[in-house]
Amino acid sequence: MKKVLTIAGSDCSGGAGIQADLKTFSAHGTYGMSVITAVTVQNTQGVFGCQDIDPDIIAGQIDAIFTDIDHVDAVKVGMVSKIETINVIADKLEQYKPHNVVIDPVMISKSGFDLLKPEAKDALISRLIPLATVLTPNLPEAEVITGMKIDNLSSMKEAGEKIYAMGAKNVFVKGGHLSDDATDILFDGKNIITLPGKRFNTKNTHGTGCTISSAIAANLAKGLSVEEAVKEAKRYITVAIEHSFSIGKGVGPTNHFYELYKKAGIETD
C-alpha cells in the first residue's frame, strides 16, 4: 500500500484540513499519515480561532515519520500559518527529499479568517513554492501570490505561468471562484491544459481545496503522471461535491466516501 503524508491544520468539524486529507487518502486506497501544524476552532459556519503548534513539535512529527516509515510516496502540505512553521517544513522537506510534494497554499477560510498570516506570504513563496511538484492555488490565493487580478481563463493562464516562474514544477489553478463553469488550468512549464468542470447548485463545498490537493497527492503516490493525477482528482472532487452533505448550519462538507458507500449499498444523498 502506498503511503501519503499530510502536513496541515486540524478541522474539528471534520470537513477540511487533516481530517479531510486522511479521508481522501483512504478513499484512494492509500495509507494516510499526518503532521499537525495548527489546531483550529471551526465548523461549517466558519473559523473562530487557531492555535499554532510549536515548530519543534512539527519538526519532531516529520522526523518521526521519515525515520521510521520505509518510504513516503507523497506529501501534501496544507495550512502553514506563520513564518517559523513554513521554515521548519521547508527545512525538513529539503532534508528528506520526498519524490512527490503537493502544496495547497491555504490562505483565507471561506468565512474570511486568515489561515496564513500576511507577513508569512513571502516565506511561502520563497521557501515552499520551489519545493512543489504541484501547487494548487484557488483564484484568491493565486491573486495574492502573483499580485494580479484573476477573473477569467486568460488571467488564470497568465497566473499559472507567473507562479511556475517562482519554482513550482506544475501549477494547478482552480477556477471554482469563476462566475461561470468551474474550469481549472494545469501548467507544466510548456503546456497549458484546460480542465472544464461542471458547477453544482450546492453551498456544501467545505474542504474542497484540501480534498483535491490530497487526491492529487494520493494519485501521484500510486504512480500516475501529474496530468493523470490532476484529472482523476478533479473527477473525484466533482463526485464528492455533487453528493455533498447538508451537515451543520453553514457550508457543509463534501462526500469523501460516496463511491465506497455506494458500493456498500449505504445511502448518503
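Relevant structure appears above.
Structural notes, computed from the coordinates. Since the structure is predicted, the reported quantities are computational estimates derived from the model, not experimental observations. (Residues numbered from 1 in each chain as written. Predicted model: local features only at pLDDT ≥ 70, side-chain atom pairs only at ≥ 80, totals over all residues. Heavy atoms only, no water.)

Moving on: the overall build of the protein. For the protein, the helix and strand inventory stands at 9 helices and 9 strands. Per-residue burial over the protein gives 55% buried out of 269 residues. Intrachain contacts of the protein at a sequence separation of at least 6 include 67% that bridge at least 24 residues. (Helix = DSSP H or I, 4+ residues; strand = E, 2+ residues; numbered from the N terminus. Buried < 20%, exposed > 50% of the residue type's maximum accessible area, 1.4 Å probe, protein only. Contact = heavy atoms within 4.5 Å.)

Orientation of helix α7 (residues 208-221) relative to helix α8 (residues 226-242), taken along the N-to-C sense of each, is 140 degrees, at an axis distance of 8 Å. Relative to α8, the element α7 lies oblique. Relative to α8, α7 is oriented so that their crossing is right-handed. Contact with α7, carried on its side by T208, T211, I212, A215, I216, N219 and L220, involves V226, A229, V230, E232, A233, K234, Y236, I237 and I241 of α8 and no other residues of that element. The residue makeup of the contact of α7 with α8, split by class, is 11 nonpolar, 3 polar and 2 charged. (Axes fitted to C-alpha atoms, helices over the stretch in contact; angles between N-to-C directions. Parallel < 35°, antiparallel > 145°, perpendicular 65-115°, else oblique. Left-handed = near helix turned anticlockwise from the far one by under 90°. Nonpolar A, V, L, I, M, F, W, Y, C, P; charged D, E, K, R; others polar.)

A few words now on helix α4 (residues 121-128). When we look at burial in α4, the residues that qualify are A123, L124, I125 and L128. In this structure, the buried side of α4 is in contact with β4 (74-77), α3 (83-96), β5 (101-103) and α5 (139-146).

As a further point, take the nonpolar core. Counting residues in each nonpolar core, the largest one holds 43 residues, and the members touching the most others are L5, V77, I89 and L128. Counting residues in hydrophobic clusters, the runner-up holds 24 residues, among them V4, F25, A215 and A240. (Core = buried A, V, L, I, M, F, W, Y, C linked by side-chain atoms within 4.5 Å.)

Looking now at the pattern of salt bridges. As enumerated under the stated definition, the model contains 10 salt bridges in all. Across the salt bridge formed by K76 and D21, the nearest N and O atoms sit 3.0 Å from each other. Linking K76 in strand β4 with D21 in helix α1 (residues 17-27), this pair joins segments that are 55 residues apart in sequence. There is no split in this pair, since K76 and D21 are both buried. For the salt bridge of R127 with E94, the shortest nitrogen-to-oxygen distance reads 3.4 Å. Of this pair, R127 sits in helix α4 while E94 sits in helix α3; the two residues are 33 residues apart in sequence, bridging distant segments of the chain. Through salt bridges with shared partners, one network takes in D91, E94 and R127. (Salt bridge = Lys/Arg side-chain N within 4 Å of Asp/Glu carboxyl O.)

What follows deals with α1. Where α1 is concerned, the buried positions are G17, I18, A20, D21, T24 and F25. The arc enclosing the buried residues of α1, seen along the axis, measures out at 165 degrees, which places them on a common side. The elements touched by buried residues of α1 are β1 (3-11), β2 (31-43), β4, α7 and α8. Just beyond α1, the residue with positive phi is G29, at close to 75 degrees. (Arc of directions from axis to C-beta.)

Remember, this is a structural readout, not a statement about activity or role.
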